[in-house]
Each structure stands twice: as C-alpha cells, then as structure tokens.
Amino acid sequence: SLCELYAYYAYLPPTWWRGQLRMLFFSTSSLLCLFTAAYSCILVTWICLGILIRPAQFLPYAIGFFGSVAVCFRRYRNLSRISLRFRVALKTRCENFINRAVRHTPYVVVKLLVAREEATFLQRRGLSASSVLNSTALLVAGLSVVIIILLVSFHGLTN
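So, here's what we can say about the structure. Computed from a predicted structure; not experimentally measured. Within every chain, residues take consecutive numbers counted from 1 along the sequence as written. Per-residue local features are limited, in this predicted model, to residues with pLDDT of at least 70; the limit for side-chain atom pairs, both in listing and counting, is 80 or more; totals at the level of whole chains, interfaces and linings are taken over all residues. Only hydrogens and water are set aside when side-chain values are computed; all heavy atoms of the structure are taken into account.

### Some remarks on the overall build of the protein
So, step 1. In DSSP terms, a helix is any run of H or I states spanning at least four residues, a strand is any run of E spanning at least two, and both are numbered starting from the N terminus. Along the backbone of the protein there are five helices and zero strands.
So, step 2. For the protein, the N- to C-terminal ordering of α and β elements is α-α-α-α-α.
So, step 3. For the radius of gyration, the atoms used are the C-alpha atoms, and the globule rule reads 2.2 Å times the number of residues raised to 0.38. Taken against the 2.2 N^0.38 rule, which gives 15 Å for 159 residues, the C-alpha radius of gyration of the protein at 25 Å runs more than 25% over that of a compact globule.
So, step 4. Over its C-alpha atoms, taken along the principal directions, the protein stretches across nearly 75 × 55 × 20 Å.
So, step 5. Within the protein, the fraction of its 159 residues that count as buried is 15%.
So, step 6. Once local pairs closer than 6 in sequence are excluded, the contacts in the protein between residues at least 24 apart make up 60%.
So, step 7. We get accessible surface area from the Shrake-Rupley algorithm with a probe of 1.4 Å; when it comes to residues, only the shown protein chains can shield them. Per element, the accessible surface of the protein, about 12,900 Å² overall, is 72% carbon and sulfur. Exposure categories follow from relative accessible area, calculated using a 1.4 Å probe and restricted to protein chains: below 20% of the type maximum is buried, above 50% is exposed, and the middle band is partly exposed. Residue contacts are defined here by distance: any two heavy atoms, one from each residue, within 4.5 Å place the two residues in contact.

Put into structure tokens, the structure is as follows:
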C-alpha cells in the first residue's frame, strides 16, 4: 500500500497545493524510513552486545531463529522444485496441444488460452509463484508465533 501511495502522489497533475502535499508526504516517509533504519541498527547493536556478554541466555533465541530460517528455506526450496517440475511437464503437454490445435484456430489465440489456463491451473494447485511465497510466509508467521510463545514461556518458567 505504501507503493500505491507513492505512485498516486507521484503522478498527480502539478499544482502548488499538490506540490506542497507531495513534498510533505515524501519528506515524512523519508524521515520515517530513516528513523526505522536507525532504530534497527541500534537494536542489532544491543543484541550483539547482549550475545557477547551473556551468550547462554541468548542461545535459545538463536537456535529458534536459525532453525526457523532453515525450515522456511527448505520449505520454499521444496515447493519451488515441485513447481518447476510441474511447470516443465505442463509445458510439454501444452506445446503438444498447441501443435494439434493450431490446425483449426490461430496460433495467437491458442497460445493466449493455454497461458491463461496454465496460470489458473497452477494457482488452483498451489504451485504458482505467489502461492509458494504465500505458503512460505504463512509458515514463517506460524513458526514465529510458536517460537515466541515457547521462548516467552521458557523465559517465564526459568526466572
């Protein structure tokens, strides 16, 4: 939605008021991005200092983080491989169909219909690029919630 706002304010016809509004919007969003980056750097610095001072206390968090990253990467890789295999098999079948169907209808029409049906079929099967990313993002969110609950509970029980 932020990109939509940028696009909206970037392509308005120029007037003096819209120019002022555009300047206010871009300066506010730039300051927000700058403060977010500065806060992230400070947070990473304090986390690194905490890891150096008390590594045993941060070990469960590090294991949870790296384990989650590994699981999510593996899930994404497996879904991408399955999607690629499926697309290759579907492409060969579609090319055979196009070669048979071109005799009766124009090539451009058949190619458009096959491309649209292929995209719909991949979407229904959950093998399109957006489905793979959505599935991985859902896994990241679920793992994050579970790990946060477990680590907060662990921290509460050990203190």
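### Regarding the side chain of Ser131
So, step 1. Looking at the element boundaries, Ser131 is found in helix α5 (residues 129-158).
So, step 2. Separated by 3.0 Å, the side chains of Ser131 and Ser128 make a polar contact.
So, step 3. If we skip the residues at most four places from it in the chain, Ser131 touches Gln123 and Gly126. We call two N or O atoms a polar contact when they sit within 3.5 Å, provided that within protein one can donate a hydrogen and the other can accept it, with sequence-adjacent residues counted only if both atoms are side-chain atoms.

### Considering the packing of aromatic side chains
Aromatic rings in a pair are described by how distant their centres are and how their planes are angled relative to each other.
So, step 1. Side-chain rings of Phe, Tyr and Trp (the six-membered ring for Trp) are treated as a pair once their centres are within 6.5 Å; stacked means planes under 30 degrees apart, edge-to-face means over 60, and tilted covers the remaining angles. On inspection of all chains with the given rule, the structure shows four aromatic pairs.
So, step 2. Where Phe86 meets Phe121, the ring centres are 5.6 Å apart and the plane angle is 15°; that geometry is what we call stacked. Here the residue Phe86 occupies a position in helix α3 (residues 55-101), and Phe121 occupies one in helix α4 (residues 107-125), the gap between them amounting to 35 residues.

### Examining helix α2 (residues 16-53)
Working note: α-helix, 3.6 residues per turn, so residues spaced by three or four point in the same direction.
So, step 1. Spanning 38 residues, α2 covers 55 Å between terminal C-alpha atoms, matching the ideal 56 Å at 1.5 Å per step.
So, step 2. Taken together, the buried positions of α2 are occupied by Phe25, Ser29 and Gly50. What a helix should span is 1.5 Å times the count of its residues minus one.

### Description of a positive patch on the surface
So, step 1. What goes into a patch is any residue over 30% in relative accessible area without a salt bridge, connected to like charges within 9 Å or, for nonpolar side chains (Val, Leu, Ile, Met, Phe, Trp, Tyr), within 5 Å. Any Lys or Arg side-chain nitrogen found within 4 Å of a carboxyl oxygen on Asp or Glu counts as a salt bridge. Only four residue types enter the tally: Lys and Arg on the positive side, Asp and Glu on the negative side; His and the chain ends are excluded. Note that the charge is assigned to NZ on lysines, CZ on arginines, CG on aspartates and CD on glutamates. Together, Arg74, Arg77, Arg81 and Arg85 make up a positively charged patch on the protein surface.
So, step 2. Looking at where Arg77 falls in the secondary structure, it is placed in helix α3.

### Remarks on the packing of α3 against α5
So, step 1. Across the interface, α3 lies against α5 with an axial gap of 10 Å and an inter-helix angle of 160°. One way to sum up the angle between α3 and α5 is to call them roughly antiparallel. As α3 runs across α5, the sense of the crossing is right-handed. Contacts between α3 and α5 involve Gln57, Pro60, Tyr61, Gly64, Ser68, Val71, Cys72, Arg75, Tyr76, Leu79, Ser80 and Arg87 from the first element and Ala129, Val132, Leu133, Ser135, Thr136, Leu139, Val140, Leu143, Ile147, Leu151, Phe154 and His155 from the second.
So, step 2. Each residue gets one label: Ala, Val, Leu, Ile, Met, Phe, Trp, Tyr, Cys and Pro are nonpolar, Asp, Glu, Lys and Arg are charged, and the others, such as Gly, are polar. Tallied by class, the residues present in the contact of α3 with α5 amount to 15 nonpolar, seven polar and two charged. Each axis is a line fitted through C-alpha atoms, and for a helix only the stretch in contact is used; angles between axes span 0 to 180 degrees, taken between their N-to-C directions. Angle categories: roughly parallel below 35 degrees, roughly antiparallel above 145, roughly perpendicular from 65 to 115, and oblique for all the rest. What makes a crossing left-handed is the near helix being turned counterclockwise from the far one by less than a right angle; a clockwise turn instead makes it right-handed.

### Here we look at the state of the cysteines
So, step 1. In what follows, a disulfide is any cysteine sulfur pair within 2.5 Å. Inspection of every chain in the model, using the stated rule, returns zero disulfides.
So, step 2. Not part of a disulfide, Cys41 finds its nearest cysteine sulfur in Cys48, a span of 11 Å.

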